[in-house]
Amino acid sequence: MDINLRSEGNVTILDLQGNLTIGAAEESLRQRVEQLLATDKKYLLVNLANVPMIDSSGIGSLVKSFTHAKNQGGKVKLLKPTKLAQQLLSITGLLSVFETFDDEATAVASF
Amino acid sequence: MQSTACLHVTDSFGIRRTVPLLKPVFTIGRKVDSDLHIMSTTVSRDHGEIVCENGIYYLVDKGSKSGIFINGQRVERTALSNLDRITLGGADEYQIQFIAANNQQADQFSSIDGLSSGEGQLAAATAKEKLKNLARYVEINQAFKFSLAPDDVLTLVVDAAVELAGAERGLIMLKGDGDSLAFKVARDNRRNNVEQRDFALSTRVVRQVLAENRTVILNTTPGDDQQMQSVYNLSLHTVICIPLHQFLMQATVGVTSTLQRKLLGILYLDSRRETGHLSQTNSRLLDSLAFEASKALENARLLHEEQEKQRLEREFEMARSVQVALLPTSDNIPQSKHFELAAQSLPCRYVGGDFYDLMALQGGTVLTLCDVSGKGISAALLASVAQGVIEAQFYAGASPAEVSTTLNRVVVNRSDANRFITMFCSVLGDDGNFSWVNAGHNPPILARQTGEVEMLSTSSLVLGAFDFAEYCVTNTRLSPGDVVFIFSDGVTEATNGSDQMFGDERLQNLVQRNKDRSAQEIKDLVMSEVLAFTHGVPQGDDITIVALKMK
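On a predicted model such as this, the values are computed, not experimentally measured, just so you know.

### Observations regarding the overall build of chain B
Then step 1. Of the regular secondary structure elements, chain B holds 11 helices and 26 strands.
Then step 2. Here chain B holds 551 residues, and the buried ones make up 40% of them.
Then step 3. Contacts spanning at least 24 positions in sequence make up 61% of the contacts within chain B whose residues lie at least 6 apart.

### A look at the sheet that holds strand 3 (residues 25-29) of chain B
Note: strands within a sheet are paired through backbone hydrogen bonds, in either parallel or antiparallel orientation.
Then step 1. The 5 strands are arranged 4-3-5-6-9 (chain B) in an open sheet whose pairing can be described as mixed. The open sheet has two edge strands with one neighbour each: strand 4 (36-37) and strand 9 (77-79) of chain B.

### Regarding the packing of helix 1 (residues 24-38) of chain A against helix 2 (residues 56-71) of chain A
Residues and elements named next belong to chain A.
Then step 1. Between helix 1 and helix 2, the least distance of the axes is 9 Å, while the angle of their chain directions is 10°. On the basis of the axis angle, helix 1 is roughly parallel to helix 2. Within the contact between the two elements, helix 1 uses Ala25, Glu26, Leu29, Arg30, Val33, Glu34 and Leu37 and helix 2 uses Ser57, Gly58, Gly60, Ser61, Lys64, Ser65, His68 and Ala69.
Then step 2. Residues of the contact of helix 1 with helix 2, tallied by class, amount to 5 nonpolar, 6 polar and 4 charged.

### Points about the sheet that holds strand 26 (residues 543-550) of chain B
All names here are of chain B.
Then step 1. Strand order in this open sheet of 5 strands is 17-26-25-22-23, and the pairing throughout is antiparallel. Since the sheet does not close on itself, it has two edges, and those belong to strand 17 (339-346) and strand 23 (453-455), each with one partner. Adjacent strand axes in the sheet meet at a mean angle of 15° when their direction is disregarded.
Then step 2. In the packing of helix 10 (residues 504-513) onto the sheet, the strands contacted are strand 22 (445-447), strand 23 and strand 25 (483-487), and the crossing angle to strand 22 comes to about 30°.
Then step 3. On top of the sheet, helix 11 (residues 519-533) reaches strand 17, strand 25 and strand 26; it is set at about 150° to strand 26, its chief contact.

### Considering the confidence of the model for chain B
All names here are of chain B.
Then step 1. Overall, the prediction assigns chain B a mean pLDDT of 80, with 80% of residues at 70 or greater.
Then step 2. Model confidence for chain B, summarised as mean pLDDT per element, is weakest for helix 1 (residues 104-110) at 37 and strongest for strand 25 at 98.
Then step 3. Overall, residues 221-230 carries pLDDT values under 50, and its contacts beyond four positions in sequence, including any with other chains, amount to 7 contacts.
Then step 4. The ipTM assigned to the predicted complex is 0.84, against a pTM of 0.62.

### A look at the pairing of strand 25 of chain B
Residues and elements named next belong to chain B.
Then step 1. Most of strand 25 is tucked away, with 5 of its 5 residues classed as buried.
Then step 2. Residues Val483, Phe485 and Phe487 line one face of strand 25 and the alternating positions Val484 and Ile486 line the opposite face, and both faces are buried.
Then step 3. The pairing of strand 25 with strand 26 spans 5 bridges and is classified as antiparallel. If you follow valine 483 over to strand 26, its bridge partner there is lysine 549.

### Comments concerning the pairing of strand 12 (residues 169-175) of chain B
Residue and element names in this part refer to chain B.
Then step 1. By the criterion of burial, strand 12 is predominantly enclosed, with 5 of the 7 residues buried.
Then step 2. Pairing geometry for strand 12 and strand 13 (residues 181-188), over 7 bridges, is antiparallel. What sits directly across from lysine 175, in strand 13, is leucine 181.

Parameters and conventions
Residues numbered from 1 in each chain as written. Chains lettered and ligands numbered in written order. Predicted model: local features only at pLDDT ≥ 70, side-chain atom pairs only at ≥ 80, totals over all residues. Helix = DSSP H or I, 4+ residues; strand = E, 2+ residues; numbered from the N terminus. Buried ≥ 20, exposed ≤ 12 C-beta atoms within 10 Å, placed from the backbone. Contact = placed C-beta atoms within 7 Å. Pairing = 2+ DSSP bridges. Axes fitted to C-alpha atoms, helices over the stretch in contact; angles between N-to-C directions. Parallel < 35°, antiparallel > 145°, perpendicular 65-115°, else oblique. Nonpolar A, V, L, I, M, F, W, Y, C, P; charged D, E, K, R; others polar. pLDDT = per-residue confidence, 0-100.

Rendered as structure tokens:
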């Protein structure tokens, strides 16, 4: 999985490309989020539009990122979750925790 | 490998050779055409012989003047045992040792027979051929999974190197985790261990080998210049120091791959003899020595890794049996006149993050199914903790909501936060009241006797992710004939060769169509349908099922 970074004002957008599943992918997302938080980039929007597959470990890395950001006064929000991602977030009760958006501009403005 | 008996003979010059006992009668004496010719005036011309009868070797005194001895005892005719030391009266500068047939370690040495004998230079090609036996020996051990401690291999390598080069002593030092070299094994040419403190080595030579990564030979005489001072001080006359390498195949872009060398350590040989053979050792022989010694060490390392892997596999097997024993099986799954229960868990690795628990308590029967995110040992460890918490809580009289809240707190506080647990946790009363909490778990399927299908879902948060999560109980009334099918996502996400998932719909239809069967039949049917669906594709996740059928 690749992660490309973009900035919109004080919001950093993480464009994920590839499967967010157990192993290297979830690991790299967590590390990338930690790096960003360490450099004071606290408002993170994770773009899931190009993540065809996501599993419980992938969800775990989103949860970890969310908690990590929250503990440092930051926020992690989700952009364009796929149907599968929405289903998983719904089953796991995480839709009540994560703010999700279908529109990037709205998402950026919400921080 | 040689399978005949032989003698290890070390002469007064300290030169070793191995003499196979190929004849039924093997003569020993001062006579030039003796099978073992001893050049000593105190030895008789026909001193003794070794006679082989029915596979047993007898040492016989042929009427010598000074006698013949086994391990210091004078004998007339006595059967030889492996490693017996033979002495000819008055010729005690000769060391003779009997090596019985099929003694593997001895055979290994014998294959390197005579390479260092002073009877002339050996062709490097022959030497190389003999040397290869050492690496082959380790390979054979590896192939047959014989136990061979790495230190034994080091000893074999040093002994062979000392013998081949005609050195007096040899040692091996290997790199540890850092760059420093650690003393491993030192041996002399009589195959005795040499203590590290007795082996003063030239650090200058070692440094040079490490710096230049090539074999260094130093011949020193009292007239050598200042640079050789440390060697001179050690009164060494010849030193050979050989770098040992690990050879790594490295794939490069395209189809080619290259052989990379990584320095493992050094093989250090020295000789104090003024006319030592070390100085005559030719460079091709040394190259062979360096390569084969490295290969033998590498083989030993691979063997060690293989053994380590097998040890780990045994540990995994034990872990698996511990985990399996934690789950109720057909013997102790609660049954009642009101309902039937069936359950099974198939970890995709040795151990898994799924588990179920079924307990008959006073307030009702507990049905729990949990899935720890991730797989394998890390997930299994957390699963065991969770199972313990759940059981203890239920025994203490907690409700499914209280159990969920407590477990959530435990996992939030005690785990690395990258993991969470999804759980379906319920208590079934004899009156058919079913109280349940769904903490982020795949909704179980409730297939009613009437044909309706309900999903037991409340969108409560997973356990272990957030300390603020709250859980409340939902009550559902179950009637005779109703089926509750609880499962982990390994069932619906089971994937076939075309990357298709088994899916929720297929599972719902299957359960609904078979709701009139027994709990056991429904569980078995789904399990076999899932395995048939994924036919040939390795199981990607733990698969766990609990089936409840109301009577």
